[in-house]
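Coordinates in review
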Amino acid sequence: MDDKKKSIVRSFKQISETGKKNHRIIIFGAGNFGKYACQYCKKIFPETKISFCDNDKDRQWQTLCECEILPPKAATKEYPNAIYIVANDFYAHEMEKQLSLDGIQKNQIYLFGRQDYYSLLSLDEMWQVNQKIYEEITGKFIDKHALKTFTEKMQYSKIYLSNEQKTRLTDKYLVRKWVEEKIGDRYLVPLLNVYDTPDDINFDKLPDSFVLKANHGCEMNLIVPDKRKLNQKQAVEQMWSWMNNNFAYYSFELHYKDIKPCIVAEEYIKEFEKESFDYKFFCFDGKVKMIMLVKNIHQQGAERCFYDDRFHVIPCVLNDGVPMPKVPFEKPDGLEKMIHIAEVLSQGIDQVRVDLYGPKGRIYFGEMTFTSWSGRVKVEPIEVDERLGSYWNMGDTK
């Protein structure tokens, strides 16, 4: 059982111990999350009585999982000492406040959100949920026994083909050792420190500019060009919010699941302040088959262009709003060297994207990504998605 499930089990055990005093759990939210929370409670605490409450009047006084669904005010009035599980993602804090206004104490309320729900699913149940999301995004039905495109294969790989190597190379701290062994540490952004928790950071000992990032997810970076302007308290709070999330359960990228979270401090590269490019190499069995250049990523006016391994433009857009440039980007200096680096790092791996940076003629390693966009994008034209999929020798599906 992974750490996320253990934490949920501990919470439910605490709920059960408290609930024994009044023999009642109320699940606030009679949707999918609530249904699964109820099923889980019934499974591990069969003697505890369960009811639902919901703000939707069409659901009130109906039943779900053979349990009554009450209006919230009726539930809090009839069961003021019950344990309340808020089973919702988007409105959880509003629902928690609603219960508090009705007299329910904070220590009676537990939150059960999307990550909790996803973490309790079996692999096949994850596939079914993810299948629906993929179809909503792309408009395409996906059959796990007839996978053709890159994004289709991605859906299967991220759920069923997670392994220790993917976990280690996805970890933004541990991957540094792989890079050092394969191509040398001169391609790594210099490391300042690594911290088990945000509370361990001594900001006084860090230089005037630096970068802090979590090792276990995406877009968990804090760029600090001037330490004097940093609100340290807010920074620590932000990093704790990263630490308390398991990125695996956002979109079923399960190789993230067993990464032990930490905070990595790296040198601030001043050249990144200016107009910058990200060089992303799609590698299959140790060979670069497609290259993606992104200009000013995560900034207004970002542009993206795809190329084959000989740097011929491949007209292609994704449904994320980032356009192709009107004039394709010029071939960067040192491209052949970057291709060589990407191929060395990806040797023995069926599919991975190697990200590099190249400010002022220098080459820096960025990351290795096994689930580009989590595969939840619509690639147009579809022939590009099919082309990438044809390079991926994933093996038989279950």
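Residues numbered from 1 in each chain as written. Predicted model: local features only at pLDDT ≥ 70, side-chain atom pairs only at ≥ 80, totals over all residues. Heavy atoms only, no water.

1. So, helix α10 (residues 232-243)
Applicable threshold: Going along the chain from the N terminus, every DSSP run of H or I of four or more residues is numbered as a helix, and every run of E of two or more is numbered as a strand. Every helix has an expected span of 1.5 Å times one less than the residues it contains. Relative accessibility decides the category of a residue: with a 1.4 Å probe and only protein chains considered, values under 20% of the type maximum give buried, values over 50% give exposed, and everything between is partly exposed. Think of it as the arc spanned by the lines of direction from the helix axis to the C-beta atoms.
Look at α10: 16 Å from first C-alpha to last across 12 residues, which is about the 16 Å you get at 1.5 Å a residue. Listed as buried for α10 are Ala235, Val236, Met239, Trp242 and Met243. Buried residues of α10, viewed axially, fall in a sector of 110 degrees; they line one side. In α10, the exposed positions angled more than 90 degrees off the buried face are occupied by Lys233 and Gln234.

2. Comments concerning the sheet that holds strand β6 (residues 109-111)
Put simply, the rule is: Paired strands, as defined in this entry, are two strands with at least two bridges between them according to DSSP. Note on contacts: a residue pair is in contact if any heavy atoms of the two residues lie within 4.5 Å. Interaxial angle, 0 to 180 degrees, is taken between N-to-C directions of lines fitted to C-alpha atoms, where a helix line uses only the stretch in contact.
With respect to topology, 6 strands assemble into an open sheet ordered β3-β4-β2-β1-β5-β6, the strand pairing being mixed. Of all strands in the sheet, those with a lone pairing partner are β3 (63-64) and β6, marking the two edges. Sheet strands in contact with helix α2 (residues 32-44) are β1 (24-28), β2 (49-53), β3, β4 (67-70) and β5 (83-86), and its direction is about 175 degrees off that of β2. The sheet contacts of helix α4 (residues 92-101) involve β1, β5 and β6, and relative to β6 the element is tilted by about 175 degrees.

3. Things to note about the nonpolar core
One broad trend across soluble globular proteins is that nonpolar side chains are buried collectively. The following threshold applies: Definition of nonpolar core: a set of buried residues of the types Ala, Val, Leu, Ile, Met, Phe, Trp, Tyr and Cys, connected through side-chain atoms within 4.5 Å.
Judged by nonpolar contacts, the single largest core of 74 residues is most densely connected at Ile27, Phe203, Leu212, Met239 and Ile263. Ranked by residue count, the leading element in this core is α2, at 6 residues. In this view, Leu212 contacts Ile201, Phe203, Leu206, Met220, Asn221, Leu222, Met239, Trp242, Ile263, Val264 and Ala265; residues no more than four positions away in its chain are not counted.

4. So, α4
Within α4 the residues assigned to the buried category are Ala92, Met95, Glu96 and Leu99. Down the axis, α4 shows its buried residues gathered within 105 degrees of arc, on one side only. Of the residues in α4, the exposed ones pointing more than 90 degrees away from the buried face are His93, Lys97 and Leu101. One or two positions beyond α4, positive phi appears at Gly103, with a value near 95 degrees.

5. Observations concerning the side chain of Asp171
For the record, the criterion: Counting rule for charge: Lys and Arg are taken as positive, Asp and Glu as negative, and neither His nor the chain ends is counted. Salt bridges are counted wherever a side-chain nitrogen of Lys or Arg sits within 4 Å of a carboxyl oxygen of Asp or Glu. Residues adjacent in sequence count toward polar contacts only when both atoms are side-chain atoms; beyond that, a polar contact is any pair of N or O atoms within 3.5 Å, and within protein one must be able to donate a hydrogen and the other to accept it.
For Asp171, the location among the structural elements is in the loop between α8 (164-170) and α9 (175-183). This buried residue, Asp171, is left without a salt bridge; Lys172 holds the nearest opposite charge, at 8.1 Å. Within the structure, Asp171 has its side chain in polar contact with the backbone nitrogen of Tyr173 (distance 2.8 Å). Among the polar contacts made by the side chain of Asp171, one reaches the main-chain amide nitrogen of Leu174 at a distance of 3.1 Å. In contact with Asp171, not counting residues within four places along its chain, are Asn215, Ile259 and Lys260.

6. Things to note about the sheet that holds strand β10 (residues 263-267)
Sheets are built from strands paired through backbone hydrogen bonds, the pairs being either parallel or antiparallel. Strand order across the open sheet formed by 4 strands is β7-β10-β8-β9, with antiparallel pairing between neighbours. Each edge of the open sheet carries a strand with a single partner, namely β7 (191-195) and β9 (221-224). Strand-to-strand, the axes of this sheet are offset by a mean angle of 15 degrees, without reference to chain direction. For strand β8 (residues 210-214) and β10, the ladder comprises 5 bridges, and the chain directions are antiparallel. Bridge assignment links Ala214 to a residue of β10, and that residue is Ile263.

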